[in-house]
Amino acid sequence: MRFRSKLFIGFGSILLLMAFIVSLSLMMLHDQNNSINELVLTHYDKIQLATSIESERANTAKRILDLLLDPSRLTPQEIMLIRESRQKSNLDIEEFLRTNDENQKRELLTSLQRINLAYEQDVNKVLDLLVAGKREEATHLFHTQAQDQVRIDIQEKSSDLQTLEHTEMYNLLTQSTQSYNFTIRLIIFFLVLALGMGMAVSRWAMLGVSRSIEHVSDVITRGRNRTEQMPRIEIISKDEIGPIALAYNQMADSIEQHTQQEELYKQTLQEKTLLETKVSEIITLFQGIPDLSTMANLFINKISPIIKAHFGVFYIREGGSDENERMAGHYFTPLASYACNMDLVKGQRIHVGEGLVGQCAQDHQEILLSNIPKDYFKIHSGLGEASPHSILLLPIEFEGEVVAVLEFASFHNFTLFERNLLERILKIMGITLHSVARQVQVKSLLDQSQTLTEELQVQSEELQLQHEELRSTNEQLEKQYRESEQKTQEIEKVSQFKTEFLANMSHELRTPLNSMLILAQTFAENKEGNLTPKQVEYAASIHSAGKDLLELINDILDLSKVESGKMSILLSEVSLQNLKNGIENQFSPVAHQKGLLFEIEISPDLPQTFITDQQHVLQILKNLLSNAFKFTEKGHIRLKFYQPSAETIHLKGFTQTPVLAVSVTDTGTGIPKDNLELIFEAFRQVDGTMSRKYGGTGLGLSICRELALLLGGTIEAESEIGKGSIFTLYLPTPVSTLLEHEPTVIDQVAAFSMTPIEKPKFLLPKPVSLEGKTVLIVDDDMRNIFALTSLLETHNMNVLFAENGREALDTLSDHSAIDLILMDIMMPEMDGYETMRAIRQIPEFVALPIIALTAKAMKTDREKCLEAGASDYIQKPVITEQLLSLMRVWLYERGTKN
Amino acid sequence: MRGGLKISECPDEELETLEIELLLEGIYRYYGFDFRNYFSPYLHRRVKHRLQAENLPSVSRLQEQVLHDPGIMGRLFGDFTVNVTEMFRDPDFFLSLRRNVLPALKELTHVRIWQAGCSTGEESYSLAILLREEGLSSKTQIYATDLNEVSLEEAKKGSFPIASMQKYTRNYLLAGGKKAFSEYYTVDGDRVNFNSALSNNTIFAQHDLVTDRSFNEFDLILCRNVMIYFNKQLQKQVQNLLHESLKTSGFLCLGSKEGLTVSSQVQCYEPMDSNARIFRKIR
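Residues numbered from 1 in each chain as written. Chains lettered and ligands numbered in written order. Predicted model: local features only at pLDDT ≥ 70, side-chain atom pairs only at ≥ 80, totals over all residues.

**Structural notes on the pairing of strand E12 (residues 609-612) of chain A**
Residues and elements named next belong to chain A.
- Burial of E12 is one-sided: the residues Phe610 and Thr612 facing one way are buried, the residues Thr609 and Ile611 facing the other way are not.
- Examined bridge by bridge, strand E10 (residues 572-575) and E12 share 4 bridges and lie antiparallel to one another. Across the sheet, the residue bridging to Val574 is Phe610, located in E12. (Buried ≥ 20, exposed ≤ 12 C-beta atoms within 10 Å, placed from the backbone. Helix = DSSP H or I, 4+ residues; strand = E, 2+ residues; numbered from the N terminus. Pairing = 2+ DSSP bridges.)

**Topic: the interface of chain B and chain A**
- Taken together, the contact between chain B and chain A spans 34 residues of the former and 29 residues of the latter.
- Mapped onto the side of chain B that touches chain A, the elements with two or more residues apiece are helix H2 (40-54), helix H8 (165-174) and strand E4 (185-188) of chain B.
- Sort the elements by how many residues they give to the side of chain B that touches chain A and H8 of chain B lands first, with 4 residues.
- A per-class count over the side of chain B that touches chain A returns 17 nonpolar, 11 polar and 6 charged. (Contact = placed C-beta atoms within 7 Å. Nonpolar A, V, L, I, M, F, W, Y, C, P; charged D, E, K, R; others polar.)

**Topic: H2 of chain B**
All names here are of chain B.
- In a regular helix each residue adds 1.5 Å, so 15 residues correspond to 21 Å; H2 covers 21 Å between its end C-alpha atoms and thus fits that length.
- Those residues of H2 that sit buried are Pro41, Tyr42, Leu43, Arg46, Val47 and Arg50.
- Once H2 finishes, Asn55 follows within two positions and takes phi at roughly 60°, a positive value. (Expected span 1.5 Å × (residues − 1).)

**A short note on the packing of helix H12 (residues 576-594) of chain A against helix H13 (residues 614-631) of chain A**
Residues and elements named next belong to chain A.
- Here H12 crosses H13 at 15°, and the two axes come no closer than 11 Å. It follows that H12 is roughly parallel to H13 by the angle criterion. Crossing angle aside, the handedness with which H12 passes H13 is right-handed. Across the interface between the two elements, Leu579, Gly582, Ile583, Gln586, Phe587, Val590 and Lys594 of H12 pack against Leu618, Leu621, Lys622, Leu625 and Phe629 of H13.
- Tallied by class, the residues present in the contact of H12 with H13 amount to 8 nonpolar, 2 polar and 2 charged. (Axes fitted to C-alpha atoms, helices over the stretch in contact; angles between N-to-C directions. Parallel < 35°, antiparallel > 145°, perpendicular 65-115°, else oblique. Left-handed = near helix turned anticlockwise from the far one by under 90°.)

**Overview of the sheet that holds strand E22 (residues 872-875) of chain A**
Residue and element names in this part refer to chain A.
- In space, the 5 strands of this open sheet follow the order E19-E18-E20-E21-E22, with parallel pairing throughout. Two strands bound the open sheet, and with one partner strand each, they are strand E19 (798-802) and E22. Averaged over neighbouring strand pairs, the angle between their axes works out to 20° when direction is ignored.
- Pairing of strand E21 (residues 850-854) with E22, which is carried by 4 bridges, proceeds in the parallel orientation. Within E22, the residue paired with Thr854 across the bridge is Gln875.
- Docked against the sheet, helix H18 (residues 805-814) engages strand E18 (774-778) and E19, running at close to 160° with respect to E18.

**A look at the confidence of the model for chain B**
- The pLDDT averaged across chain B works out to 89; a share of 96% of its residues lies at or above 70.
- A low-confidence stretch, residues 1-8 of chain B stays under pLDDT 50, and its non-local contacts, those more than four residues away or across chains, total 12 contacts. (pLDDT = per-residue confidence, 0-100.)

Pasting the structure below:
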């Protein structure tokens, strides 16, 4: 049965039942209504009538009584009213009779009618009597016993009627209630019946529908999660589900078909995604790779398992970075490997076209080998080894050049997917390889440059350090120098004192000594002959000792004169012959006396004359000769003037030629070699004992040497113990022609010394002194100028001032020796900034320290000062200590420069 | 002594390299100072300098002397460690420090600064002046460390030669000085004494970046022109040490020619001012 019929039947039957119940109820309601109508209309009217009868009687009675009591009120109108009342009660009774057919009531009513009629007649009689004025009779008549009886009867009857009607009414009500209850029960029964039937019918219809739908939905649900093979719905019912099932089955067919297609797409897509994933996995692997080797290793170790290769080698192109050997020089060398001992293949060089690797590089094409011979190559594992099934060689290209070659071996054939993957990756690899190589190059360059920069920094710091060290060394040196200079000065002073003392002393000594000598000589001459020979001898001894003393004093004086630079030189033309004669005259007697041979020899190549200080030369020679005679007991003494060889001249360090050499050779005791230098020092002889044996002051040689030095020459000594000594005097002798003019007096030794030794220059510095420095104060406030001037002058500084910028510029151009400027900013005419700018324009004053005096601590002011060219600034009012410190800082460099 | 990067193949040089390695090993084993990973051309030059100064013919001879005479060791130590410094060196750096870093430090309630390699203290005083002018000095603690105790003693004095003062003044002004530089010093002879109150919140202490560990966490670390004397390996080690000692979002300042060389370290910082070599730690 169809859903529609089922639903029609179901809901139709319920509707019918409902209609039945409703009509039943209506009918019953109608009945009820009827019975109530009857109840109210019939019985109520009758009760009303009965009541009316009684009340009319009472009314009549009352009126009559009133008339009886007061006959004056008797009017025809009143009589009318009474008669109408009587008539009305009769009508009521008739009405009651008409509507009633019940016997009991009829009897009652008939009797009532009768009594009422009788009562009416009585009333009429009373009235007549009253009208006639027979009030007594009327009253009497009205109050007879019969009359009362009539009235009571009427009252009783009507009340009986009422009671009867009430009883009937009650009965009717009871009946109606009963019928109502019955109706209710009936309705409830039908309602329950209708509900039951409705439910049954509905259930039947619902079940029928839902079962079919459940079946369909069941099947659909079962097929929900299996799109590839969906269940079909069996078409069993002939209802509307039939077409649905059919439609569903068709849909399932197409879904299945679709799913299959989708599956196919999905698979391809998955493969693609897998490919992409792998590719991107590999690409992400290369992020932040520091070098090619790491990259190659990572790559080969990642890709090999993916493509199920069991062996892999990464060959990289190397060499031939030079443009010329670009093609020729290239070779491929293993950089990384998978499942292969790198040590075995490392260092291998495969040139382009060489072997399959080379071929692959040459052709830019992959090479796939299958059916590998058993002994071609073996893949090892701990358990065993076997030949691979296939070998694949692939080139990696960048910009049309093969930059690397990959070789893989596997126990299985490479699938299309794997080869696709490789193809995809290799395209990217070329770029990646290139960029990594670039990166490596850039990084190494960067590292290199960083290292170089750091190295540079280190070196510059070191240089600074060394500079610093140099400075400190210099400082030390200078300190030492200063100390030594101080010492020298002290020594000089001491020696000055000594010389002066000696000179004074000698003078003071010589005067009395001379008198003593003269006196002693006078005594020794014994002109008066009053002295004993012994006394004469004593006097001679005194004279001789005094003479020795005088000689000593003279020597000391000479020496100190030479040492203190007070010995003057008188240059003149000296004749050798004269010199020779003088010496000969003096020493020949001595030689003769001591029995020594004394020879004077003049080399013939010498000029006849030369220029020198004759006095001093003579003094030197005399000294040397007297020494020679002193220490020579036997043999000879030879004085020789000659021209030394050029070599000797050079050796002695003479720059001026010619040089005259004078040697004194003796055959005396000689001097030990160790003492050769010693003997030239003052108060020295070879040993202390000598002086006692030979006498003399020990100053002779010192004086000789000093004199020789004074003349620009030198004295050398050679000696051998027991054989004698040779003292040689070397004297530079300027060519006489150069000195044709008047002999000149040259005051000091300096004239002959080689080059004046300059005081060394030092980088470093004494403590900065403000003394003697010149400061220019530029300020328009005289009080400031005054305050600063008095401050600076207490530090012995020279102060110049200018009251405005223009004046300052003028002052600057007049006094170039200004060391520092104190510049007020706020000035009329030309302010501090402008002035400073103007000063900096002058090349001379670019580096001149200018200290700006700012009244305000404003940042902008300071910046403006610096911009205008101030070297530093200080805030007014100026703190003395701060200003002095500042000036010391800025006067520092100039202090050393000047 | 030029061209330190190239190690010549001449066997003499190889021998000398060996000798220097032995010397450094000896110094490390005997005195505990580890110079083995210092920048080798630098060490070569310094050692040669010492050889000349001591008038010694070979490094081995120097080694003998160094091991037996602490005096020579002291001088060699000085050669290795006394480095160049000046006040407000690289004024641009100090300007950047003033503008970019100190405002960030102002937010903190307490600031700890480590100045690694303070040498003779010029930079410490510069820093103290900077902090004072930026109103940070009251809540700041500066730890100024150096390997060389002689330098530290110098640093504590705060007395610098007058010869450099003109340069320092220029540097100070270029670094954005807010006052007159002369307010901070008085001149005594050829020395300039800096106001001792400047170093009130500075602790001068010996610390060896090579062998010692991190000793606190800092908001700002200055390690300028120290690592240039180290080789790559030691640079890495020291960079790790600095990273360890720096709070997150703290600042690291390097010398004008230095950079973060360790790649893992580079990622931990974001450059605040690349020219001034100021980095901020981000992780």
